Every structure is written in structure tokens, then in C-alpha cells.
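One-letter residues, chain by chain:
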Amino acid sequence: MPQVKVLTEFFDVPDSHKIDVWEKHGGYQAIRKVLKSMTPDEVIEEVKRSKLRGLGGAGFPTGVKWGFVPKDSEKPKYLVVNADEGEPGTFKDRHVIMNIPHSLLEGMMIASYAIGAHVAYIYIRGEYVHPARRLEEAIAEAKAKGYLGKGIFGTDYDLEVYIHRGAGAYICGEETALLNSLEGKKGWPRLKPPFPATVGAFQSPTVVNNVETLSYVPHIIARGADWFASLSEGTERCGGTRIFSVSGHVKRPGVYEAPLHTTLREIVYDFAGGIRGDKKLKAVIPGGSSCPVLKADEIDVRMCFDDLAKAGTMAGSGGVIVMDEDTCMFDTLRNIIHFYAHESCGQCTPCRQGTGWLVRIFDRIAEGRGMPGDVDNILEIAQNIMGRTICPLGDAAAMPVISFVTKFREEFEYHVREGRCDLEDRKQRVAMAS
Amino acid sequence: MPTLKIDGKEVWVEPGTNVLEAAKKLGIEIPHYCYHPALKVAGSCRMCLVEIEGMPKLQISCHTKAADGMVVWTNTEKVRKARQAVLEFLLVDHPLDCPVCDQAGECYLQIYYMEHGLYKSRLRENKIKKEKAKPIGKHIILDQERCILCSRCVRFTREVTKTFELGIFNRGNRSVVDLYPGISELQNRYQGNLADICPVGALTDRNFRFQTRVWYLQQAKSICPGCSRGCNIEVDYNISREYKAGGRRIPRIRPRHNPKVNGYWMCDDGRYGYKYVDALDRILLPRRLDEGEPVELSWPAAYTMAADLLSEATKEGADKVGVLLSAKMTNEELFAARKLFSSLGVSRIGFRVEPKEPGYEDDLLIKADKNPNTKGAELLELGLGAGKSDVSALLDAAEAGEVDTVVIFNEDLSKSSEAERAEAVLPKLGRVIYVGTNWNATAAKADLVLPMATFVEQEGTFTNFEGRVQRFWKAVEPLGESRTGLSILAGLATALGLEPVSENAEEVFAELAEQVPAFFRGSATRNLVSTGNWLRARLGRR
Ligand SMILES: Cc1cc2nc3c(=O)[nH]c(=O)nc-3n(C[C@H](O)[C@H](O)[C@H](O)COP(=O)(O)O)c2cc1C
Ligand code: SF4
Ligand code: SF4
Ligand code: FES
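A. Here's a closer look at the overall build of chain B. Check the secondary structure of chain B and you find 17 helices and 22 strands. Seen through its C-alpha atoms, chain B measures out along the principal axes to roughly 90 × 50 × 40 Å. Counting only residues that meet the buried cut, chain B has 57% of its 542 residues in that class. In chain B, once contacts between residues fewer than 6 apart in sequence are set aside, the share between residues at least 24 apart is 66%. Counting only carbon and sulfur atoms, one obtains 51% of the accessible surface of chain B, whose full area is about 22,600 Å². One way to put it: in chain B the 74 positive side-chain charges average out to a point 8 Å from where the 72 negative ones average out.

In C-alpha cells form, the structure reads like this:
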């Protein structure tokens, strides 16, 4: 299976982040076409037909989301780009910003036009110092050419883009926490409804989209929705390609763009070169740390949203985390739950208390003080978080717990019972036998 | 109007009503922590989860609008389990220090644990330590460990007082409620309400904490006499354990919900302003001055003396007598007093006392007029018609030699704008009778002092600044030998051989409503009906 490159094709072009290079490769033609010859509704229709899905995590059809913005509202409308990229195992947006910032900016222009926004924000994680600088430079370049600001491309359409840097909270990647943070408030997710499309930034209709999602838009407009949709074959409700961030025990970790009918096995073994040291594969998390884990024998699944859901997991943010046979699942899950407990905003009871409690149970077991019933309790606590919280972070914490513990229960029981890792013990037994 | 079914029972509600309120209408209480009807919905505690047919997940009833045809179940196995889970979560980091917690008995962790919890603890881990017993305001102590982070207090300071002193800091289970940096203490005048709305023992009232356990308390419905708003209150009194609360019969006062007057709130001045009722300076016995020496009297002797003084004075001419009633007296007392003194021929009957400094006022509840019944006195057409201060008019008349006898009801003139003149003029008068609750500079110099009951020791009505006549009930017996205003007026009437005055407030009000048009019709009447007071019965009879 070959990679199909829509965005990453430009990654190897020298100075692809510069506006002149970008334009030489056909950049800023799609927005010209949109401004000259398309109505906002036509743009939205085109994006709907492309089967582009949100690549930030939730996978919501992008065109449909844009269509939710009320046309008759007197309020200003906003486009907000989610560049918070906080999901562990995910690092694709950084590559997009560093290599092709103008693809994002052009996508933002088209999206803003489609929803009627004249102000767009890029909310970028605070740690992304270089990407933020790169965006600033790109915005300055675009401004200098009259592509941003008043009357862009010589039309009467105005668009200002502002960068807002986050302060280091994972929860600020959740779109409503992001909006609160953007407004200068504490990054607490909002109750839904209302959804951002009707009440978003500054009480106004707002579309929040991921960096990568928007970066595809110029290519969809330029080459047509049908072309994009057909890149993924046989995937009914998703089209195009997406960039997978592959990390963990593979030979060639990195970003790989591929259509959504690609299987997880192809990503791990073909693109990333298989397992380091040619060890056996143990498990893969297919879409960032909050997605349920798949065992080695479950990776012949296509990476489209629906197939992964059918397999009991999620496409998420495309962060593929690969674990070889020497990975301790208890340690891995303990690490993950530490992350979610640390990042829980603390607003709602099940997530705040549940994650905090789980951490202490995992730490206790790690200290060799496991007790009978611990594994059942862990499962039940996770189930008591599931589906009962304000935002999906609760689920994001619970799902890995439930999947790890159910799929690798023996390992957890061993830790509880013996206060040590089965893997270590096994290695010792092997050493002693030889 | 959406009509929905909750636990098999049908109910219709106003559009926009949430499921939690709709259930309330059916008498079904859905347990909740963060929801408060007067605050914006936070939807964060997750205690109010219910099952709604057609929705796969449990829904929070505080943030789910009732919809036509909705079928809600509040007590299924799934719901009960979810509640239990939330309680278990909340108690993971709770210190369980109920034996030394002042909230015990009215804590919603205790209440809901008994109703919906009753699980066996699975916690084998240490609890998180946070700050305890931290004074955050003149009236409030914060215990962060007991806090369940429902954010009611934070929303109160944002939405009600708009003073923004409180926030939730940090993240996850390290979150704490605290004052914003740079704010050393709560700055609003309504902080007592924080102790009321905090569903647990995290915010307690410095005036009330450790005074008595709440289960020793009984409640009387009352009206705050602190200003002309007339906030509806509940007087918590303790008469079964006299040694509690340092001997105070009234350890606390709390607001009583009345959407038309005070909502759920009351101000701190009103809440903590009641302490004079159990103070050591209460006047407990009638007393006269004999050549400057105090001599205590029995009531019969006191009535005889009062009657003698008044008869002597009116013999010289009824216009030589001035009466200063008080806008702190009830409508019934004012009415009976007006009747009694009018029948003696007295026409100088005032009530307006101008304070030294104008009272504080805001646009939430607090009114500048610190009297509960100015409007009532006005509707009874009392006053000397001389502008703001009846005290000034009386002093003018006294200085001019037109008045030489005054009867003062419960107004300390040394606190009025006329303090200096009163101090000079009163001692020169022939006769001064003081009827009041507590000793003060004015009472000290009176020839005769009659001890009067306070508002918690009697019943009656006040008319608030909008003309709303509000009834209050008695909590405790008058202290010492003090008597209600009506009782004192009744005794005087008998001693003077005048038409008898009823000691029964309800009877007096009936007569008042019959005779004073303002109380019979118009705003006063309408409002009285809406708050369920005496006139309803009267109207019913008609
Ligand atoms: C806890 C949490 C963290 C999230 N972090 C990110 C993030 O870092 N970047 C992102 O694009 N979306 C993130 N999301 C998803 C966003 O809420 C939102 O769905 C997304 O930005 C929408 O854009 P899309 O439709 O283009 O995917 C996060 C969601 C949750 C619940
Ligand atoms: S689920 Fe967790 S992160 Fe999301 S709102 Fe609740 S406490 Fe905050
Ligand atoms: S202090 Fe009380 S009212 Fe405030 S958040 Fe904590 S529990 Fe709620
Ligand atoms: S009362 Fe509904 S979530 Fe707290």
C-alpha cells in the first residue's frame, strides 16, 4: 500500500513555508476561485461532498459543522483553529504548521468565507514556540500581499487572523474550554447545548476546526470534492487522506499521510517499518492516548472512522502508539491515567474525583500494595466516569482504562497480587533456566 | 406548555423549565448539589442524573429542558447506581469530619448518603489535604477539604453580588475554592448567604458555628426588621437547650424564599442585626426615676403611674402631650396606639426619626430606611406633617413650651440627627415616658420606662417600602417582664378607663383593615393576599 500525499507532498519542497514557494505550487488559487465564483453555500456543499471529517479527534463531518452556523444571526461569526495538539501520541499539526502554514491560512480564508466570519483565531499550544513564530511570519507575508486584512484579494471581503497562545493545559484543546480560554476565562469546558455553532466565542456563532482539517480545504476546492472523496476507497462516510503520527516501538516513527482505507497493520509494518529490534507486536493505540487499545491480532482494521468504531476503538487524532512485547501494560496505563488526572479540569465530579482516585490506586499497586478487588474496582471506577461528564475528557480517561484492563487483565492481576511485573519475572525465569 | 411524564406521573410546565424543576412540581426531589434556582446552571456535580426514554446516556436534569412527550425516570436502578457513584466520588477526598463539623444535620452529603448512598467504602488510599478553617470574610470560614466544588459560592459572588471575590483555582482533584489573589477577604454585604447555599460544611457562618447543633433548633417565620425591604426570614430558636449558644435563644436567622421580596437572600446587616433580642441591656422590668434614683415597678403599678402621668398632662391640655411612635412597631401596634392617644385627645403623634447619617442602600436588597414599617405608619397617616423629622417638630414644640409631656416608643433620640437638642430639651420636660426593648441614653433619663417585647417575641405585620403587608410569627416568649406593644397599650387603656384594646394582633389587624382604606384595598391588600397573610381570610369571609 503506497502512501497518498495531499499535504505531506509539500513537506519535502524546500522553503515550502514561504508564500512565494507556496504560490508557485498553486497556493492561494482556491481562495481566489472561491471569492470570485462561489457562494458560501456552494463552498459548504463542496466540503460536505468531499467527506472531509474533523481530524482533531471527534471526526465530525466538516461541511455539516459549517452548515450549522445560523445565516440570519446578527452577531459576528468566528472561525477558531484548534492548534492545541495536546493528545499524547499526536504531533501532525506541528508538521503542517511548520511546513505548509499557508495551506492552513488559505483553508481558514475559505472556511471563514463559507461561514461569514471576518475574524479568525488560531489557538496554539504554548509549548509550540516555533510553530507560533512560523504562523506569525506566514500571516505577515499574507498581509503584505493583501491576502489578509481589509478587502482581501482585491474583493470587498475582510478577514483578520489572530494568534492566541495557550498556557499549557490539555483541556484547552477541548473546543469549548478553548473558547473560554480564548476569552480570557478559566479553561473549563462549557455545558452543551448550546453548541459553538450557535453560541461560541464571545457569545457568537463559531466554528472550531483542527489545523489539519482546514489545511485540506484549499486542495478540495482546487481539485474538487469528488477527487478528495475518492482518495479513500470503499469508506462510505469518510474521504481523503489524513496524517498519522506514529510513535512507540517502531523502526521509523514519524508522520505518514495515507487514505482512510489503509489498515493499521500497513501503517505499523509498511510505513513505520515494523517493530524495533524485530520484536513481536503487543498492542497499538490507533488514535491518540484516549482511544481504546487494540491487541496485536486486531490490527487488520481500516483506519476509517466507522471501521475503527466497529472494532471498539476510535480514529481520534490519528496518533498511532505502538507497543512491543516487552511493554508493561500496567506501567503504560498508569502513565496514561496520571496524564488524565493531571489534566482533568476539575469541573465535574466523576472526572475530577474518578481520575484522581484511579491514580492513587495505580500508585499503590505500583508500590507493591495491591489488594484483592483492585482490578474490579478500577474497572468500576472507570465505568462510573464513562458517559457522565461535561466534556469527553472523562471518557478519554475511562476508555483506555477499560480497554487495557479488559484486554490484558492477567497482567494487572499479576501486579496486584505479586507487586511486580510479570514481564520482569518472566525474563528472570528465562535467564535462570538458561 | 410542554407536558411530560416523570416516574409515570404527568405534569405540564412552563416552556423552558428544566426537568429537575418539573419533577419538583410533582413533589419528586431529584438530588442535586450544584443546581440552585437563583444561579446559572453549572451542570457539574452530576448528582441530578436521570433516565430519559430515547436517550442512551443518563442526562443531568438541571440542564435538560422539559419537552412535550418526554418520559423521565428518576429512580431506576441505573439512576440509583449513578447517584451512588457520584456520592462515592465526592467522598473520596472528603475528610469525613462530621463529628466536628457544624454543618452536620443539614449537610447534603449526609442527607443524600443516607437516602442514596449506603455503600460500603472501597477507599484504601490517602485523602488529599487542603486548607481547613480559613477565615475568608467577616462572617465566613472556609474548609477546602469539605468543599465539593459545586461552584455555588463562586456563582453567587459573580451573579448576585457581582463582587467576584471567589474563584476555583488549580485543576483536577487539586482544585480549591479560594479568594482571588489580592483580595484579603469577602467584600460583599451578603456573605451570610454563602453559608446557606453551600450544600456542605465548606462554608460556615462564624456567628453560628459551634453554637448549637441544628437539630435542637425550631423555626418561626418572620420578617427582618432591619430595613424597609422586609426580607422574609426564618428565625431559628432554641428553647430546649438553654445552655447552648451562650444562652442566646436565637442563634441565627436565615432568609426565607419569597420571589417578590428578597428571593433567596438577605443582607448581613439584617442577618446579624438581631442580637439585641438576647442582649444584656434588654429592659426587663418597668422602672421609674425617684429623684434620679431608679425604682423597679410591678406592671400594675407601672400602668397606674403611666395613667396618672397622662391624665395629669391631658388635664393641662391634650395638645401639651407629644407621642413619638416608631416605624419599628407593627401595623397593629401603630393602629392601636393611634386610637388610644387620639381618644385622649392627643394630636401630636409622630414617628419619623431622622438618623444621624443617611443609611446605606444598594440595588440588590438593602434600603436606606432602616425601619421595617415606615410605609405602614404613613398609610396610617401618622406624623406631624412637618417634613422629614417628627422628632424635630416635637422638640420645636417642647422648646416653645407647647409640649411638656412626651411618650417615646423604642427610639433612642441620642442616635438621631437631633441628638444634641434632645439631650438638652428632654430633661426640662415635665414628664417623659419611654416604652422600649433595650436600655439607651433616652430610656435612661425617662421618668417611667416600660419594657417592650422584640419582634421575635410577638406577632404582627410590617408594611414594606412597596406597600406589601407581611406577617410574622412569634418565636420565643418576651424576655423578663417585657410585654408586646399591644399588651402594653391594652394595659394603659384599662388604666385610663378607655375603650379596651385587644392584645391579639389578628383581631387588631381585622379592625385596622376595616377602618383604614389603604389596608383594605389597593396595593397593600393585593400583596397581602399574594404572600398569604391575614387579609386572605378576611376576603374569604366577605
Ligand atoms: C480533552 C480534549 C482535548 C482535545 N484536544 C484537541 C486538540 O489538541 N486539538 C484538536 O484539534 N482537537 C482537540 N479536541 C477536539 C476538539 O474538541 C474539537 O472536536 C476539534 O477541535 C474540532 O475540530 P475538527 O472538527 O476539525 O476535528 C480535544 C477534545 C477533547 C475532549
Ligand atoms: S470531564 Fe473532566 S475535563 Fe471535562 S469538564 Fe469534566 S472535569 Fe473537566
Ligand atoms: S465552598 Fe461550598 S458552595 Fe462553594 S464550591 Fe465548595 S461546596 Fe460549593
Ligand atoms: S445539579 Fe445537575 S449537575 Fe449538579
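On we go.
B. Up close: the overall build of chain A. For chain A, the helix and strand inventory stands at 18 helices and nine strands. A globule of 434 residues ought to have a C-alpha radius of gyration of about 22 Å, and chain A, at 22 Å, matches this closely. In terms of overall dimensions, chain A has C-alpha extents of about 75 × 45 × 35 Å along its principal axes. The buried share among the 434 residues of chain A stands at 63%. Within chain A, residue pairs in contact and separated by at least 24 positions form 70% of the contacts whose partners lie at least 6 positions apart. With the model as given, the accessible surface of chain A reaches about 16,300 Å², and the carbon-plus-sulfur share is 52%. Within chain A, one finds 53 positive and 57 negative side-chain charges whose respective centroids are separated by 1 Å.

C. Representation of the site of ligand 1 in the model. All names here are of chain A. Around ligand 1, a shell composed of 19 residues is seen, among which Gly56, Lys65, Asn82, Asn210 and Thr213 lie nearest. Backbone polar atom of leucine 55 to an oxygen atom of ligand 1: 3.2 Å apart, as the coordinates give it. Here glycine 56 contributes a backbone N or O atom positioned 2.7 Å from an oxygen atom of ligand 1. If ligand 1 stood free it would expose 600 Å²; the protein chains cover 92% of that surface. Per-element accounting of the shell around ligand 1 gives the leading share, three residues, to strand β4 (residues 206-210). Each residue belonging to the shell around ligand 1 can be placed in one class, and the counts come to six nonpolar, eight polar and five charged.

D. Quick peek at the site of ligand 3. In the vicinity of ligand 3 there are 13 residues, among which B:Cys147, B:Cys150, B:Ser151, B:Cys153 and B:Cys198 approach most closely. Of the residues that constitute the shell around ligand 3, the class distribution is eleven nonpolar, one polar and one charged.

E. Inspection of the interface of chain B and chain A at higher detail. Listed as interface residues are 36 residues of chain B and, on the opposing side, 38 residues of chain A. With both chains or domains summed, chain B and chain A bury close to 3,000 Å², and 52% of this area falls on carbon and sulfur atoms. The tally of links between chain B and chain A comes to five salt bridges. B:Asp93 is the partner of A:Arg360 in a salt bridge, and the nearest nitrogen-oxygen pair spans 2.9 Å. Those elements that provide at least two residues to the side of chain B that touches chain A are α2 (77-92) and β8 (166-169) of chain B. For the side of chain B that touches chain A, the element with the most residues is α2(B), which contributes seven residues. Across the side of chain B that touches chain A, the residue classes tally to 18 nonpolar, eight polar and ten charged.

F. Layout of the side chain of A:Asp93. All names here are of chain A. Inspection of the secondary structure puts aspartate 93 in helix α5 (residues 92-99). There is a polar contact of 2.9 Å between the side chain of aspartate 93 and the side chain of asparagine 210. Setting aside anything within four residues of it in sequence, one finds aspartate 93 in contact with Asn82, Glu85, Asn210, Val211 and Glu212.

G. The arrangement of the nonpolar core in detail. Core analysis: the largest hydrophobic core is formed by 146 residues, its most contacted members being A:Phe412 and B:Tyr33. In this view, B:Tyr33 contacts B:Cys45, B:Met47, B:Leu87, B:Leu90, B:Tyr108, B:Leu109, B:Tyr112, B:Ile148, B:Cys150, B:Arg152 and B:Pro199; residues no more than four positions away in its chain are not counted.

H. Just the pairing of strand β9 (residues 176-179) of chain B, in detail. Residues and elements named next belong to chain B. Across four bridges, the pairing between β8 and β9 is antiparallel. By the bridge assignment for β9, glycine 167 is matched with aspartate 178. Between β8 and β9, which pair antiparallel and follow one another directly, the connecting turn spans six residues, one of which, asparagine 170, has a positive phi of 70 degrees.

I. Just the sheet that holds strand β7 (residues 140-142) of chain B, in detail. All names here are of chain B. Judged by pairing direction, the sheet is antiparallel, and its three strands sit side by side in the order β6-β7-β10 without closing on themselves. Each of the sheet's edge strands pairs with one partner strand only, and the pair in question is β6 (134-135) and β10 (203-205). Here three bridges tie β7 to β10, and the two strands are oriented antiparallel to one another. Across the sheet, isoleucine 140 pairs through a bridge with aspartate 205, a residue of β10.

J. Seen up close, the domain arrangement of chain B. Its domain assignment divides chain B into domain 1 (3-90), domain 2 (124-278) and domain 3 (287-539). Here domain 1 of chain B and domain 3 of chain B have C-alpha centroids that lie 51 Å from each other.

K. Geometry of the pattern of salt bridges. Applying the stated criterion to the full structure yields 80 salt bridges over all chains. A:Glu298 is the partner of A:Lys407 in a salt bridge, and the nearest nitrogen-oxygen pair spans 3.0 Å. Of this pair, A:Lys407 sits in helix α16 (residues 393-407) while A:Glu298 sits in the loop between β8 (294-295) and α12 (305-310), and the two are 109 residues apart along the sequence. We classify A:Glu298 as partly exposed; its relative accessible area is 28%. In this structure, the salt-bridge partner of B:Lys81 is B:Glu77, at a minimum N-O distance of 3.6 Å. In this pair, B:Lys81 and B:Glu77 are both assigned in helix α2, four residues apart and thus about one turn of the helix distant. Judged by relative accessible area, B:Lys81 falls into the exposed class, the value being 51%. Three or more residues are tied together by salt bridges with common partners; here these are B:Asp97, B:Lys132, B:Asp143, B:Glu145 and B:Arg146.

L. Here's a closer look at the sheet that holds β8(A). All names here are of chain A. Across the sheet, which stays open at both edges, the five strands sit in the order β6-β5-β9-β7-β8 with mixed pairing between neighbours. Whereas interior strands pair on both sides, the edge strands pair on one side only; in this sheet they are β6 (254-259) and β8. When strand β7 (residues 281-285) meets strand β9 (residues 319-324), the two strands line up antiparallel, connected through four bridges. Its bridge partner lying in β9, alanine 283 is registered against methionine 323.

M. Examining the environment of A:Glu183 more closely. Residue and element names in this part refer to chain A. Structurally, glutamate 183 can be placed in the loop between α8 (175-182) and β4. Expressed as a C-alpha distance, the spacing of glutamate 183 and phenylalanine 202, which sit 19 residues apart in the sequence, is 6.9 Å. Setting aside anything within four residues of it in sequence, one finds glutamate 183 in contact with Arg190, Gly200, Ala201, Phe202 and Gln203. Of note is the side chain of glutamate 183, whose polar atom sits 2.7 Å from the side chain of lysine 185.

Scoring rules and cut-offs
- The numbering scheme is per chain: residues are counted from 1 as the chain's sequence reads.
- Think of it this way: whatever chain is written first is A, whatever ligand is written first is 1, and the rest follow in order.
- Reporting in this predicted model follows two pLDDT cut-offs: at least 70 for local features of residues, and 80 or more for side-chain atom pairs to be given and counted; totals over whole chains, interfaces and linings ignore these cut-offs and use all residues.
- Only hydrogens and water are removed before side-chain values are computed, so all heavy atoms of the structure are retained for them.
- Think of it this way: any DSSP run of H or I at least four residues long counts as a helix, any run of E at least two long counts as a strand, and we number them from the N terminus.
- Categorising residues by exposure relies on relative accessible area from a 1.4 Å probe, with only protein chains included: less than 20% of the type maximum marks a residue as buried, more than 50% marks it as exposed, and the intermediate range marks it as partly exposed.
- Working rule for contacts: check all heavy atoms of both residues, and any pair within 4.5 Å makes them a contact.
- All accessible areas in this document rest on Shrake-Rupley with a 1.4 Å probe, and a residue is counted as covered only by the protein chains that are shown.
- The sign given to each residue is positive for Lys and Arg and negative for Asp and Glu; His and the chain ends receive no count.
- To locate a charge, take NZ of a lysine, CZ of an arginine, CG of an aspartate or CD of a glutamate.
- Atoms counted for the radius of gyration: C-alpha only. Globule rule: 2.2 Å times the number of residues to the power 0.38.
- One heavy atom within 4 Å of a molecule or strand makes the whole residue count as near it.
- Whenever a nitrogen or oxygen atom comes within 3.5 Å of another N or O atom, the pair is scored as a polar contact, on the condition that within protein one atom can donate a hydrogen and the other can accept it, and that pairs from neighbouring residues in sequence are kept only if both atoms are in side chains.
- Each residue gets one label: Ala, Val, Leu, Ile, Met, Phe, Trp, Tyr, Cys and Pro are nonpolar, Asp, Glu, Lys and Arg are charged, and the others, such as Gly, are polar.
- Note on definitions: buried area is the accessible-area loss of two parts on being combined, 1.4 Å probe, summed for both.
- Counted as salt bridges are all cases of a side-chain nitrogen of Lys or Arg within 4 Å of a carboxyl oxygen of Asp or Glu.
- Note on terminology: a nonpolar core comprises buried Ala, Val, Leu, Ile, Met, Phe, Trp, Tyr and Cys residues joined through side-chain atoms within 4.5 Å.
- Any two strands with at least two DSSP bridges between them are considered paired.
- Domains are outlined according to an automatic or database domain assignment.

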